[in-house]
Each structure stands twice: as C-alpha cells, then as structure tokens.
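Residue-level listing of the chains:
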Amino acid sequence: MTLDGTNTWIVGGADAVLVVDPGPDDEAHLRRVAERVDGRRVTAVLLTHGHADHSEGAGPLARLLGAPVRALDPRHRLGEEGLDDGDVVTAGDVEVRVVATPGHSFDSLCFWLPGDRAMLTGDTVLGRGTTTIAPDGDLGDYLRSLDRLRQGAEMLEATALLPGHGPVLPDPAGVLNAYVVHRRMRLEQVREAIRRGARDAREIVEMIYADVDPALWPAAEMSVAAQLDYLKTTL
C-alpha cells in the first residue's frame, strides 16, 4: 500500500526549511530526518493529509525540532495555524503554495513549489500505479482535483510531481492525463461488471481486477465502493 514507504520531503534553503509528511512514528526515520535538517530552523511540519503513514510521526518530530504541525484537519495540528487552499508558507526565501485536492481523503492537499516548478502530491498522485479512494475520500472530488492539477500543470509548465510514495514523476501533464483516463476506464469497467450481473464491490473486484495480485484486492474493493457511490449520484 505504501510502495517503498512514505516519502518525507525537506523543502527550503540554507537557513530554514519545511518538513512535509514525516511518515509513521518510526524513531530511526525521524532521527534521520532531523539529521538531514542539519541544524536549520524548521518553520513548520506540513501534512498533505492525515492518514497515519503520513502523519503519525508529525507530533514526535515537531517536538524534537521545536516546530508547529500545520494540516487541513485540526485533529492533526500542533499549534494554532492550519492549512487551507491558497495559503502560502515560507521557509527563508522558499515559497510553498497550498492547493486543496480532496478525493483520496477529505483533507488531501498538494503543495506547489514555484521555484522548482514542482508539485508535492501526497497520495493524490503516486510514483507508481494509481491511488485508492479511502473511506474518508470521494471519487467525484478526486476527479475534480485531478482536473484542477492537470490544468495547473499545463498552465504553470510544471516539470515534476513529487509523490508521497514512489519515485519522482518528470511528466506532470502526461501523468495526470493518464490518471484521468484510468479513472474513466475503471468506471466503465464497473458499469460493465454490473451489466454482467455483479452484485457488490467484491464481485466487481473479482471481475475487473482478475490480473491483480489478490493481496491488493482489499484496496481495490475500497476504490470500487467509491466508484459505486459516485455512479449512484451521477445516474
């Protein structure tokens, strides 16, 4: 589910940095992050969303580094400031712009780095494969978020997506186009499975994910459930 694990990003310059998605509460990993900070002031710890594989280590790391935790969901904040669409967060002369991208989860955010023409995408876009729609997410929101990111990538001439899991993606517009096509294809496959008599998400998964490792079927079932909810609202 997390590919190679959660990517923690350190963004900033010579004097100040931001830490994005500290990951799980893993002492060795958090210690390594602190070492990479290398004595620079940490302006804030930022969360792309509140799922534990991204946020669980935020509190321990923030206390270690003497920094606040900023997130959309108040439950994951440490300090008074949150994050919302359009916010700008700085570390020295480095600027991070917050883009609301609900869908994978209700509180998903992406972070645009104008100086690098790159976007930190959390779980909205992964370095390999495609993301699931979690129980606290919504497929309609996700499709709108993909469209927003795709338009932004083209308009801003983005050069890289920096995902929450997996490798850096050097073709943002191409990747986002492929994500939209994949989602539309899956929706049509779900419609076809229903026409063929599938009665629930599990039966649909068995039909359309037959070539996928069964160990991944529970995640696929989450996404199919989200697709069924979406189709109910668009009939």
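Rules and cut-offs
Residues numbered from 1 in each chain as written. Predicted model: local features only at pLDDT ≥ 70, side-chain atom pairs only at ≥ 80, totals over all residues. Heavy atoms only, no water. Helix = DSSP H or I, 4+ residues; strand = E, 2+ residues; numbered from the N terminus. Rg over C-alpha atoms; globule rule 2.2 N^0.38 Å. Buried < 20%, exposed > 50% of the residue type's maximum accessible area, 1.4 Å probe, protein only. Contact = heavy atoms within 4.5 Å. Areas by Shrake-Rupley, 256 points an atom, 1.4 Å probe, with all protein chains shown as cover. Lys, Arg positive; Asp, Glu negative; His and termini not counted. Charge placed at Lys NZ, Arg CZ, Asp CG, Glu CD. Polar contact = N/O pair within 3.5 Å; in protein donor to acceptor, adjacent residues only side chain to side chain. Axes fitted to C-alpha atoms, helices over the stretch in contact; angles between N-to-C directions. Parallel < 35°, antiparallel > 145°, perpendicular 65-115°, else oblique. Left-handed = near helix turned anticlockwise from the far one by under 90°. Pairing = 2+ DSSP bridges. Core = buried A, V, L, I, M, F, W, Y, C linked by side-chain atoms within 4.5 Å.

Draft legend 1. Main features of the overall build of the protein. Helix and strand content of the protein: 7 helices and 9 strands. Here the C-alpha atoms of the protein give a radius of gyration of 18 Å, agreeing with the 18 Å that 2.2 N^0.38 yields for 235 residues. Principal axes of the C-alpha set define a box for the protein whose edges measure 60 × 40 × 30 Å. Burial statistics for the protein: of 235 residues in total, 49% are counted as buried. Residue pairs at least 24 apart in sequence account for 61% of intrachain contacts in the protein once pairs closer than 6 positions are excluded. Entry remark: accessible area of the protein is about 11300 Å², with carbon and sulfur atoms responsible for 50%. Counting 24 positive and 37 negative side-chain charges, the protein places the centres of these two groups 3 Å from one another.

Draft legend 2. Geometry of the environment of Arg 97. For Arg 97, the location among the structural elements is in strand 6 (residues 94-100). Sequence separation between Arg 97 and Met 119 is 22 residues, and the spatial gap between their C-alpha atoms is 9.4 Å. Filtering out sequence-adjacent residues up to four positions away, Arg 97 remains in contact with Asp 87, Val 88, Cys 110, Phe 111, Trp 112 and Pro 114. A polar contact of 2.7 Å, which involves the side chain of Arg 97, links it to the side chain of Glu 95.

Draft legend 3. How the structure looks around the packing of helix 6 (residues 201-208) against helix 7 (residues 217-234). Two numbers describe how helix 6 lies on helix 7: the axes approach to 9 Å, and their chain directions differ by 115 degrees. In this view, helix 6 runs roughly perpendicular relative to helix 7, as classed from their interaxial angle. Considering how the two elements wind past one another, helix 6 and helix 7 form a crossing that is right-handed. Packed against helix 6, whose contacting residues are Ala 201, Arg 202, Ile 204, Val 205 and Glu 206, the element helix 7 presents Trp 217, Ala 220, Glu 221, Val 224, Ala 225 and Leu 228 at the interface.

Draft legend 4. Here's a closer look at the sheet that holds strand 2 (residues 16-20). Pairing in this open sheet of 4 strands is mixed, and the strands run 1-2-3-4 from one edge to the other. The outermost strands of the open sheet, each flanked by one partner alone, are strand 1 (9-12) and strand 4 (69-70). Pairing of strand 1 with strand 2, which is carried by 4 bridges, proceeds in the antiparallel orientation. Within the sheet, the bridge partner assigned to Ile 10 lies in strand 2 and is Val 19.

Draft legend 5. Spotlight on the nonpolar core. Judged by nonpolar contacts, the single largest core of 36 residues is most densely connected at Val 125, Leu 139 and Ile 204. Of all elements in the fold, only strand 7 (109-113), helix 4 (139-156), helix 5 (172-195), helix 6 and helix 7 reach the threshold of two or more residues within this core. Setting aside chain neighbours within four positions, we find Val 125 in contact with Leu 146, Leu 161, Pro 163, Gly 164, Leu 169, Val 175, Leu 176 and Tyr 179. If you look at the next biggest cluster of nonpolar residues, it comprises 19 residues, including Leu 18, Val 96, Val 98 and Leu 109.

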